[in-house]
Amino acid sequence: MQVTPQIQKEIQRRRTFAIISHPDAGKTTLTEKLLYHGGVIHETGEVKGKQGTKAVTSDWMAMEREKGISITSSVMTFDFDGLRVNLLDTPGHKDFSEDTYRVLMAVESACMLIDVAKGVEERTKKLYEVCRLRKIPIFTFVNKLDREGKDPLTLIDEVEKTLNMQCYPVTWPLGIGQRFRGIYNRLTKEIWIYDQRREEVEDYKIIPFEKGKDDQILYDYLDKESADQVLEELDLIESALPPFDVNEFLNGTISPVTFGSAKQNFGVDTFLQFFTKYAPGPQPRHLKDGKDMDPCDANFSGFVFKIQANMDKRHRDRIAFIRICSGKFERGMKVKHSRHDKELRLSYASQFVAADKETVDDAYAGDIVGVGDTGNFAIGDCVYASGKVHFEDIPKFAPELFGKLSVRDALKRQKMNEALNHLSEEGAIQLFIDPIVGHQDPIIGAVGELQFEVLIRRLQDEYNLEVKLSRLPYGVARWPRTEDGKPVTDLKGGANMFRDLQDNPVVLVNQEWDLNWLKRENPTVEFHTSISRA
Ligand code: G4P
């Protein structure tokens, strides 16, 4: 059954996306400017700390501020041009790539942010690959045009070659660095001239511009050399590129590129206008049984892609972030839970405007709601109003760092194990259980060093546990399976077998060499680097 026309209208005006970038490309700055244009904040600089510290509202924890990175991902919601936009923050640091992967499962499009001087950096490349895998359409925003950098043609060529993806410049920069004066919007055939002397302004002149007829205008605003160069570049791209094909964008083969300076608020509004025109709304979601769930299906459904515990230490809270995939959410509604097969009431729900939580009474497919969780949820769980709705699994990936914790006060060992369980349900770490020793002394697996640091800090801050980490020599984890996907518990060659929390057998070895040995000894076994959570 389909939702009512009124609900359908609400669903169709949702746009859910994330920004992907290498640290320092300007994600926080761009987010702030987007929130400013969305009317959520009224003065730029509100998000960044007044003393120039990285007190950014999208960063919740003190440690993130100290490190100048965004570790956990939050959700920000704003209205623009009649649309309800949900912007999901992704951690830029490589040690939190799994968290980012999960966020990308919850969006319909992504904005790839590139520093004009640095081009395609390592993290951007990795995140791009995830988007590609999921066939998410990608907008590209080239940032920091107010600084010297690569010329736009070179940069576009680099993006196309490195990522093996075609670009479609929507705007074109007029000068760069000291000589940056504005942008030309190829779709609306206008040039936008900014006043670069003042920071954080949105004063600009919009002048209709037709190449070949109005060329002189460029010379009025740019020095001769820059104007000559822009005209030459425009000649090149206009003759080489076919018109913008929205379908090629939606199937992920072409990325529309806009240029600007997030810091100076140049080109952010142009990006937003383009985004709101072309970004896809909620799409059908794949189910495990091979079918799709239509966002306008009247059966409410969603999945948990993130769990955040103890955001506020005073109230030991835990929030499960649900991406709504179909229908309408109403606060207090009863839903079924895929893993426990039981009924739950979603009585406390919130949406986020930066760090401020607001209670929501209703939300629609495309939205993200945070629901209060008393320990019912784990990453990948599905909720639905009726029937059985199981979305495709969110995979977890093989960690590369391993350790064990010991707690100073032996009486707190039980408490530590409970805390580790909570944190692994959140997806912050992975636990591996020795089948002989049991749950008492789990091995902790992390994808990156910083995850360990955060773990120790959180155990101290949130659970009042002083712990010591001893590193283990393992470096590779694999889930052994038969060809037809059945778990393998016995391996030849003296393997160290453990169990993950879902009771899947896992083998831990020190290095690839050992793994290759096991592969030779067990030729019929497949060693999986990732596994679904269910
Ligand atoms: P991130 O979240 O991607 O890590 O990047 P963030 O926004 O924190 O920006 C990283 C640095 O780049 C910041 O400088 C920021 O001001 C600067 N930046 C962002 N966008 C632009 C831009 O369009 N032009 C220029 N020139 N700089 C930009 P910082 O020195 O680390 O901090 P701050 O003192 O400027 O706040």
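Residues numbered from 1 in each chain as written. Predicted model: local features only at pLDDT ≥ 70, side-chain atom pairs only at ≥ 80, totals over all residues. Heavy atoms only, no water.

Concerning the overall build of the protein chain
Next, step 1: What the protein chain contains, in helices and strands, is 13 helices and 33 strands.
Next, step 2: Per-residue burial for the protein chain yields a buried fraction of 56% across its 534 residues.
Next, step 3: Looking at the protein chain alone, contacts between residues at least 24 apart form 69% of all its contacts between residues at least 6 apart.
Next, step 4: Accessible surface, the protein chain: about 23,200 Å² in total, of which carbon and sulfur atoms supply 47%. (Helix = DSSP H or I, 4+ residues; strand = E, 2+ residues; numbered from the N terminus. Buried < 20%, exposed > 50% of the residue type's maximum accessible area, 1.4 Å probe, protein only. Contact = heavy atoms within 4.5 Å. Areas by Shrake-Rupley, 256 points an atom, 1.4 Å probe, with all protein chains shown as cover.)

Side note on unusual backbone geometry
Next, step 1: The residue Asp24 is not glycine, and still its phi comes out positive at about 85°.
Next, step 2: Relative to the helices and strands, Asp24 is located in the loop between strand S1 (14-20) and helix H2 (27-37).

Considering the packing of aromatic side chains
Next, step 1: One pass over the structure, following the stated rule, counts 22 aromatic pairs.
Next, step 2: With 6.3 Å between their ring centres and 40° between their planes, Phe244 and Phe249 make a pair best called tilted. This pair shows no difference in class: Phe244 is buried, exactly as Phe249 is.
Next, step 3: Taking the centre distance of 5.9 Å and the plane angle of 40° together, the rings of Phe271 and Phe275 count as tilted. Note that Phe271 and Phe275 are positioned in helix H10 (residues 268-278) at a spacing of 4 residues, about one turn of the helix. (Phe/Tyr/Trp six-rings, centres within 6.5 Å; stacked < 30°, edge-to-face > 60°.)

Quick word on the pattern of salt bridges
Think of it this way: side chains of opposite charge can pair up when their charged atoms draw near.
Next, step 1: Summed over the entire model, instances satisfying the criterion amount to 33 salt bridges.
Next, step 2: We note a salt bridge from Arg318 to Glu425, for which the minimum N-O separation is 2.9 Å. Taken as a pair, Arg318 in strand S15 (residues 318-326) and Glu425 in helix H11 (residues 413-425) lie far apart in primary sequence, 107 residues in all.
Next, step 3: Glu425 gets classed as partly exposed once you look at its relative accessible area, which sits at 27%.
Next, step 4: One salt bridge in this structure joins Arg478 and Glu512, with 3.5 Å as the shortest N-O distance. Of this pair, Arg478 sits in strand S29 (residues 476-481) while Glu512 sits in helix H13 (residues 512-521), and the two are 34 residues apart along the sequence.
Next, step 5: Residues participating in the shared-partner salt-bridge network are Glu10, Arg13, Arg14, Asp79, Arg84 and Asp367. (Salt bridge = Lys/Arg side-chain N within 4 Å of Asp/Glu carboxyl O.)

These values are about where atoms sit, not about what they do.
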